[in-house]
Amino acid sequence: MSNSIITSSIFILGCSVINLAHSNDLISFGQHCLVMEERLDNAKTKLNKLSRQADRTNAQTNKAQNNLRRYEAARAELGTSMTECSETKPNSHYCHQMRHKFNELTYQIQYLKKDALEEQFRDENSILQAEITKGNFDKRYAAFIASCRDSDAHYALIQDPEAYASVCSNAKNSVTCTLF
């Protein structure tokens, strides 16, 4: 009889040690997933900021292109007026003003074209960077979901009250601590 009590006690003790070890594994798994989730959230915030920055750069480029078109149209009109002016009174004050305005517009157009080329390079570079970063983020997020939400270990974490309480006491709304 005492032999069976000792065997039963050892068996129960062994089960509780295994359960405790399994619970500790679940806690470390859950904490690792929370750290990964926090890093991904930070990366997503930075990615959104980069995307907004690329959108802003694109809007500035469009504004510069609109200004360039407007200046070129104004210069074309002045070119016509200058031709008429040079045929009638080439040395009049009005003709000098026209030539001066034409030269100012030519300078503005050259400046905008140079600036547009630089801006286009920056714009293409920032959009490309955002696309590369977004693709990398999507891959990492998919890997995170596969390991920290769609896995047997995640389901075991949700089912174990001690591990769940230890990991999710401050992060109940996280992906790691929700079932779906």
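As a starting point, this report considers the structure included with it. Numbers given to residues run from 1 along each chain, matching the order in which its sequence is written. In view of the model being predicted, local features appear only for residues whose pLDDT reaches at least 70, and side-chain atom pairs are presented and counted only at 80 or more, with totals across whole chains, interfaces and linings using the full set of residues. To get the side-chain values, all heavy atoms of the structure are used, and hydrogens and water are removed first.

Here's the deal with the overall build of the chain
Secondary structure elements are taken from DSSP: a helix is a run of H or I of four residues or more, a strand is a run of E of two residues or more, and numbering for both begins at the N terminus. The helix and strand tally for the chain stands at 4 helices and 0 strands. The linear arrangement of helices and strands in the chain, starting from the amino end, is α-α-α-α. Split into buried and exposed, the 180 residues of the chain put 25% on the buried side. When the accessible surface of the chain is totalled, it reaches about 13000 Å², and 56% of it is carbon and sulfur. Exposure categories follow from relative accessible area, calculated using a 1.4 Å probe and restricted to protein chains: below 20% of the type maximum is buried, above 50% is exposed, and the middle band is partly exposed. Per-residue accessibility takes into account occlusion by the displayed protein chains alone, with areas from the Shrake-Rupley method and a 1.4 Å probe.

As for the packing of aromatic side chains
Within 6.5 Å between ring centres, the rings of Phe, Tyr and Trp (the latter by its six-membered ring) count as paired, and their orientation is classed by plane angle as stacked under 30 degrees, edge-to-face over 60, tilted in between. Evaluated as defined, the whole model comprises 2 aromatic pairs. When the ring of F137 is compared with that of Y141, the centres are 5.9 Å apart and the planes differ by 20 degrees; the resulting orientation is stacked. Separated by 4 residues within a single helix, F137 and Y141 lie in helix 2 (residues 93–148), roughly one turn from each other. Overall, F137 belongs to the buried group, its relative accessible area being 12%. Their ring planes at 40 degrees and their centres at 5.9 Å tell us that Y141 and F144 sit as a pair that is tilted.

Regarding the layout of surface pockets
Each pocket or cavity is described by its volume, and for the largest pocket that value is around 220 Å³. Residue lining of the largest pocket: M36, R39, L40, A43, L47, T133, N136, F137, R140 and F144, and that is the complete set. If you list the elements that add at least two residues to the lining of the largest pocket, you get helix 1 (2–88) and helix 2. Nonpolar residues are Ala, Val, Leu, Ile, Met, Phe, Trp, Tyr, Cys and Pro. Charged residues are Asp, Glu, Lys and Arg, and all others, Gly as well, are polar. Across the lining of the largest pocket, the residue classes break down as 6 nonpolar, 2 polar and 2 charged. Lining residues are those with an atom within 4 Å of a point, where the points come from a 1 Å grid over the protein atoms alone and group into cavities, where a 1.4 Å probe fits but cannot get out, or pockets, open sets with protein on both sides within 12 Å along at least five of seven lines. Grid points are joined across faces, edges and corners, and a volume is the space filled by probe spheres set on the points.

Considerations on helix 4 (residues 161–168)
When helix 4 is considered as a whole, its buried residues turn out to be A163, V167 and C168. One side of helix 4 holds all its buried residues, which, seen down the axis, span an arc of 95 degrees. Residues of helix 4 that are exposed and point over 90 degrees away from its buried face: P161 and E162. In the analysis that follows, any N or O atom pair within 3.5 Å is treated as a polar contact, provided that within protein one partner can donate a hydrogen and the other can accept it, and provided that, for residues neighboring in sequence, both atoms belong to side chains. If you check the start of helix 4, you find a side-chain oxygen 3.1 Å away from the backbone N of E162, and it comes from D160. Think of it as the arc spanned by the lines of direction from the helix axis to the C-beta atoms.

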